[in-house]
Amino acid sequence: GQNIDQPTEMTATEGAIVQINCTYQTSGFNGLFWYQQHAGEAPTFLSYNVLDGLEEKGRFSSFLSRSKGYSYLLLKELQMKDSASYLCAVATLRKAGTALIFGKGTTLSVSS
Amino acid sequence: ETGVTQSPTHLIKTRGQQVTLRCSSQSGHNTVSWYQQALGQGPQFIFQYYREEENGRGNFPPRFSGLQFPNYSSELNVNALELDDSALYLCASRGSSYEQYFGPGTRLTVT
C-alpha cells in the first residue's frame with residue numbers, strides 16, 4: 001500500500017529553526033514535494049526533490065533519502081507568517097500519468 | 001497567483017443532488033488533476049486528465065467523473081451526493097515541468 005506519515009502539529013518561536021519530518025512507503029516513486037497551505041487557501045509549492053540530498057531555497061530547505069523513504073523540510077528564521085499547514089506529497093507513477101499522494105499535513109504554529 | 005481559477009468558491013447542496021465544479025488552467029497546461037480535501041486532512045487524489053482523456057484515478061467511486069476541454073478548462077461532476085462529500089475540492093494543472101499549480105478550491109457543503 002501507500003503510506004505517508006508526518007507529525008500532526010508542531011510549535012516554534014519566531015526566529016527559530018524547525019524541521020518537519022516525512023516518511024513514506026509508495027510504489028512508483030517519482031519525486032517528493034512540500035507544499036504550504038494557509039487555512040482556507042490552496043496549497044502553494046515550496047520544494048521538489050527527486051534525487052537524494054539537500055535542496056536549499058532561501059529560508060526553506062528540503063532533504064530526501066530515497067533508500068530510507070524519508071524527507072524533511074527545514075524552515076529557518078521563522079516568521080509569524082510561516083504559521084500554516086505543511087504538506088508532504090509523493091509523486092507516484094501510475095499506468096498512465098502521475099498522481100500526488102499527500103500526507104495529512106503538519107500544522108505549524110509560530111509564536112512571538 | 002497560480003493562474004488557475006475555480007468556480008464556484010462555495011456551494012451548498014442537498015444529499016442525493018448532483019454538482020459540477022469548474023476549473024480553468026493556465027494556457028499550455030495539458031494535465032489537470034482533481035483532489036478532495038476533507039477538514040484537517042491532506043488532499044486526496046481523485047483523478048487526472050491529460051489532453052481530454054482520464055489518465056489515472058484514485059480510490060473514488062464512479063459517481064465522481066470529469067471532463068477536460070481543449071481550452072484548458074475542466075469539470076468535476078459528482079452524482080448522488082453524500083454527506084461525506086463535504087470537502088474542499090482542488091484542481092491542479094501542470095505543463096511540461098514537474099510543478100503542479102493549485103487553484104483556490106471550491107468548498108462544497110452537503111446537507
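Here goes a summary of the coordinates provided. Bear in mind that the values here come from a model prediction, so they are computed numbers and not experimental data. (Residues numbered from 1 in each chain as written. Chains lettered and ligands numbered in written order. Predicted model: local features only at pLDDT ≥ 70, side-chain atom pairs only at ≥ 80, totals over all residues. Heavy atoms only, no water.)

1. What about the state of the cysteines?
For step 1, the next point in the chain: A complete count under the given rule lists two disulfides over all chains for this structure.
For step 2, the next point in the chain: A sulfur-sulfur separation of 2.0 Å characterises the disulfide bridge that pairs C22 of chain A with C88 of chain A. Between C22 of chain A and C88 of chain A the disulfide shows an S-S torsion of about -65°. By sign, it is left-handed. Pair noted here: C22 of chain A is in strand β3 (residues 18–25) and C88 of chain A is in strand β9 (residues 84–93), with a separation of 66 residues, a long-range link. A single burial state applies to C22 of chain A and to C88 of chain A, both of which are buried.
For step 3, the next point in the chain: Through a disulfide, C23 of chain B is tied to C91 of chain B; the S-S separation comes to 2.0 Å. One disulfide, between C23 of chain B and C91 of chain B, carries an S-S torsion of 70° and so falls in the right-handed class. With C23 of chain B in strand β3 (residues 19–24) and C91 of chain B in strand β9 (residues 87–94), the pair connects residues that are 68 residues apart, well separated along the chain.
For step 4, the next point in the chain: Among the residues examined, C23 of chain B registers a relative accessible area of 3% and is labelled buried.
For step 5, the next point in the chain: On the basis of relative accessible area, C91 of chain B is assigned to the buried category, the value being 0%. (Disulfide = S-S within 2.5 Å. Helix = DSSP H or I, 4+ residues; strand = E, 2+ residues; numbered from the N terminus. Buried < 20%, exposed > 50% of the residue type's maximum accessible area, 1.4 Å probe, protein only.)

2. Thoughts on the packing of aromatic side chains
All names here are of chain A.
For step 1, the next point in the chain: What the rule picks out here adds up to 16 aromatic pairs over all chains.
For step 2, the next point in the chain: For the pair F33 and Y35, a centre-to-centre distance of 6.0 Å together with 25° between the ring planes defines the contact as stacked.
For step 3, the next point in the chain: Taking the relative accessible area as the measure of exposure, F33 reaches 2% and is therefore buried.
For step 4, the next point in the chain: A relative accessible area of 0% places Y35 in the buried class. (Phe/Tyr/Trp six-rings, centres within 6.5 Å; stacked < 30°, edge-to-face > 60°.)

3. Side note on the pairing of strand β4 (residues 31–37) of chain B
Residues and elements named next belong to chain B.
For step 1, the next point in the chain: Among the seven residues in β4, seven count as buried, and that is most of the element.
For step 2, the next point in the chain: Neither face of β4 is exposed, since T31, S33, Y35 and Q37 on one face and V32, W34 and Q36 on the opposite face are all buried.
For step 3, the next point in the chain: Across six bridges, the pairing between β4 and strand β5 (residues 44–50) is antiparallel. What sits directly across from S33, in β5, is Q48.
For step 4, the next point in the chain: The loop that links β4 with its antiparallel partner β5 comprises six residues; one of these, G40, has a positive phi angle of about 80°. (Pairing = 2+ DSSP bridges.)

4. Considerations on the pattern of salt bridges
All names here are of chain B.
For step 1, the next point in the chain: Applying the stated criterion across every chain, the model contains seven salt bridges over all chains.
For step 2, the next point in the chain: Notably, a salt bridge pairs R63 with E82, separated by 3.3 Å at the nearest N-O pair. Taken together, the positions of R63 in the loop between β6 (53–57) and β7 (64–68) and E82 in the loop between β8 (73–78) and β9 put the pair 19 residues apart, joining distant regions of the chain.
For step 3, the next point in the chain: A salt bridge links R63 to D85; the nearest nitrogen and oxygen atoms lie 2.8 Å apart. (Salt bridge = Lys/Arg side-chain N within 4 Å of Asp/Glu carboxyl O.)

5. Description of the side chain of N77 of chain B
Residues and elements named next belong to chain B.
For step 1, the next point in the chain: Structurally, the position occupied by N77 is in strand β8.
For step 2, the next point in the chain: Owing to a relative accessible area of 12%, N77 belongs among the buried residues under this scheme.
For step 3, the next point in the chain: At 2.6 Å, the side chain of N77 and the side chain of T20 are in polar contact.
For step 4, the next point in the chain: Look past the residues within four positions of N77 in its chain and what remains in contact with it is Q18, V19, T20, R63, F64, S65 and G66. (Polar contact = N/O pair within 3.5 Å; in protein donor to acceptor, adjacent residues only side chain to side chain. Contact = heavy atoms within 4.5 Å.)

6. Observations concerning unusual backbone geometry
For step 1, the next point in the chain: Backbone torsion omega between S7 of chain B and P8 of chain B reads -10°, so that peptide bond is classified as cis.
For step 2, the next point in the chain: The backbone phi angle of E77 of chain A is positive, close to 45°, even though this residue is not glycine.
For step 3, the next point in the chain: Following the sequence through the fold, E77 of chain A ends up in the loop between β8 (70–75) and β9.
For step 4, the next point in the chain: One non-glycine residue, Y72 of chain B, lies in the positive phi region at around 70°.
For step 5, the next point in the chain: With respect to the element layout, Y72 of chain B can be found in the loop between β7 and β8.

All we've got here are geometric facts, nothing functional implied.
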